[in-house]
Amino acid sequence: MSNFTIYASSLSMVVSAFLLVVASRAFIRVRSRIFVSLIAVFLVILVESVISLVSLFDLVTLPFSLDDMLVFGNIIVLIVFYAGVLGRK
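Thresholds, definitions, all that
- Residues numbered from 1 in each chain as written.
- Predicted model: local features only at pLDDT ≥ 70, side-chain atom pairs only at ≥ 80, totals over all residues.
- Heavy atoms only, no water.
- Helix = DSSP H or I, 4+ residues; strand = E, 2+ residues; numbered from the N terminus.
- Buried < 20%, exposed > 50% of the residue type's maximum accessible area, 1.4 Å probe, protein only.
- Contact = heavy atoms within 4.5 Å.
- Areas by Shrake-Rupley, 256 points an atom, 1.4 Å probe, with all protein chains shown as cover.
- Lys, Arg positive; Asp, Glu negative; His and termini not counted.
- Charge placed at Lys NZ, Arg CZ, Asp CG, Glu CD.
- Expected span 1.5 Å × (residues − 1).
- Polar contact = N/O pair within 3.5 Å; in protein donor to acceptor, adjacent residues only side chain to side chain.

Draft legend 1. Spatial organisation of the overall build of the chain. Counting its secondary structure elements, the chain contains three helices and zero strands. Each helix and strand of the chain, ordered N terminal to C terminal, gives the series α-α-α. Based on the C-alpha atoms only, the size of the chain along its principal axes is roughly 45 × 25 × 20 Å. Within the chain, the fraction of its 89 residues that count as buried is 26%. Of the contacts formed within the chain by residues at least 6 apart in sequence, a portion of 60% connects residues at least 24 apart. Put simply, the chain shows about 6500 Å² of open surface, and 72% of that area lies on carbon and sulfur atoms. Looking at the chain, you have 6 positive and 4 negative side-chain charges, and the mean spots of the two groups are 32 Å apart.

This is how it looks when you write it as structure tokens:
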């Protein structure tokens, strides 16, 4: 794998972990439902980044490709926000 993939996954992991903490603290203060959706999205991005780094260093073999994982992660993010929209009614 290229160094760019490793750097991009590492940066994504660090930023998503930071934003996960910020969204969690904002949820504790404000108690708004949008922060629950943001926490779920940042958690999905963090898990994707960790899985991609683990698979890039060949620590674990996965039964699916990284492309499949990213598409599945995008679907989860869309479902989270769709469920949030349905919950507003």
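Draft legend 2. Spatial organisation of helix α1 (residues 3-30). Between its terminal C-alpha atoms α1 stretches 40 Å, which fits the 40 Å expected from 28 residues at 1.5 Å a residue. For α1, the full list of buried residues reads I6, S9, S16, L20, A23 and A26.

Draft legend 3. Spotlight on the side chain of E48. The topology assignment puts E48 in helix α2 (residues 33-56). Looking at E48, its side chain comes within polar contact range of the main-chain nitrogen of G73, at 3.4 Å. Among all residues touching E48, those that are not within four sequence positions of it are M69, L70, G73 and N74.

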